[in-house]
Amino acid sequence: LSFGFFSKSLYLSIINMIFKHNLIYFLRISSIDINTIKLFSLEEGTAIILHEIGHALNPDLKGMEGEYAADDYACQKGFKEYIISSLEKGKLIIPSEFSTKSTDLRIEHLKNSN
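Quick look at the structure, then. What you are looking at is a predicted structure, and each value in this text was computed from that prediction instead of being measured. (Residues numbered from 1 in each chain as written. Predicted model: local features only at pLDDT ≥ 70, side-chain atom pairs only at ≥ 80, totals over all residues. Heavy atoms only, no water.)

**Examining the side chain of serine 86**
If you trace the backbone, serine 86 turns up in helix α6 (residues 80–93). Once you skip the residues sitting within four places of it in the chain, serine 86 turns out to touch Phe40, Glu44, Ile48 and Phe98. (Helix = DSSP H or I, 4+ residues; strand = E, 2+ residues; numbered from the N terminus. Contact = heavy atoms within 4.5 Å.)

**Considering α6**
Its 14 residues place the ends of α6 20 Å apart at the C-alpha level, agreeing with the 20 Å of an ideal helix rising 1.5 Å per residue. Among the residues of α6, Ile83, Ile84, Ser86, Leu87 and Gly90 are the ones counted as buried. All buried residues of α6 lie within an arc of 160 degrees about the axis, which places them on one face of the element. Exposed positions of α6 whose direction lies more than 90 degrees from the buried face are Glu81 and Leu92. Among the structural elements, α4 (42–57), α5 (63–76), α7 (95–98) and α8 (101–112) are those in contact with the buried residues of α6. (Expected span 1.5 Å × (residues − 1). Buried < 20%, exposed > 50% of the residue type's maximum accessible area, 1.4 Å probe, protein only. Arc of directions from axis to C-beta.)

**Examining a nonpolar patch on the surface**
There is a patch of nonpolar side chains on the surface, built from Leu39, Leu92 and Ile93 and spanning about 320 Å² of accessible area. Following the sequence through the fold, leucine 39 ends up in the loop between α3 (34–37) and α4. A relative accessible area of 46% means that leucine 39 is categorised as partly exposed. (Patch = residues over 30% accessible without salt bridge, like charges linked within 9 Å, V, L, I, M, F, W, Y side chains within 5 Å. Areas by Shrake-Rupley, 256 points an atom, 1.4 Å probe, with all protein chains shown as cover. Salt bridge = Lys/Arg side-chain N within 4 Å of Asp/Glu carboxyl O.)

**So, the side chain of glutamate 44**
Mapped onto the elements, glutamate 44 comes out in helix α4. A distance of 2.8 Å separates the side chain of glutamate 44 from the side chain of serine 85, its partner in a polar contact. Looking at glutamate 44, its side chain comes within polar contact range of the side chain of lysine 89, at 2.8 Å. Apart from residues lying up to four places away in sequence, glutamate 44 is in contact with Tyr82, Ser85, Ser86 and Lys89. (Polar contact = N/O pair within 3.5 Å; in protein donor to acceptor, adjacent residues only side chain to side chain.)

**Let's talk about the packing of α6 against α8**
Viewed as axis vectors pointing N to C, α6 and α8 meet at an angle of 155 degrees, and their least axial separation amounts to 10 Å. Relative to α8, the element α6 is oriented roughly antiparallel. In terms of crossing hand, the pair formed by α6 and α8 is left-handed. The residues of α8 that touch α6, namely those facing Lys80, Ile83, Ile84, Leu87, Glu88 and Lys91, are Thr103, Asp104, Arg106, Ile107, Leu110 and Lys111. In terms of residue class, the contact of α6 with α8 is made up of five nonpolar, one polar and six charged. (Axes fitted to C-alpha atoms, helices over the stretch in contact; angles between N-to-C directions. Parallel < 35°, antiparallel > 145°, perpendicular 65-115°, else oblique. Left-handed = near helix turned anticlockwise from the far one by under 90°. Nonpolar A, V, L, I, M, F, W, Y, C, P; charged D, E, K, R; others polar.)

**Some words on the environment of phenylalanine 98**
Relative to the helices and strands, phenylalanine 98 resides in helix α7. The exposure class of phenylalanine 98 is buried, given its relative accessible area of 15%. Residues phenylalanine 98 and glutamate 88 lie 10 residues apart in sequence; the distance between their C-alpha atoms is 8.2 Å. Apart from residues no more than four positions distant in its own chain, phenylalanine 98 is found in contact with Phe40, Ser86, Leu87, Gly90, Lys91 and Thr103.

Function-wise, these values are silent; they only describe arrangement.
Here you go:
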């Protein structure tokens, strides 16, 4: 059984987290493009997925407040440096999606947070 880009243990960890936090609806509302994730390192891809789970855990937070909360979730799971590097890399390889004021604000917020 091939799991492609991600390891089996990562898939199992993500699925476990989805069930543990009752995030079944996350599977329906999240739009994670696996082809985009493949452009990043395994750690950066994991940080991006954790960021999306952070949105699912905070569905009422919108705009920058929601972005910060989702980033904070990835940081709490130990992926702060990787969420930062994924944003910085995204600006270079997918500028149409990442070269925005909100990306710069998120990077600044992450670098200034504990």
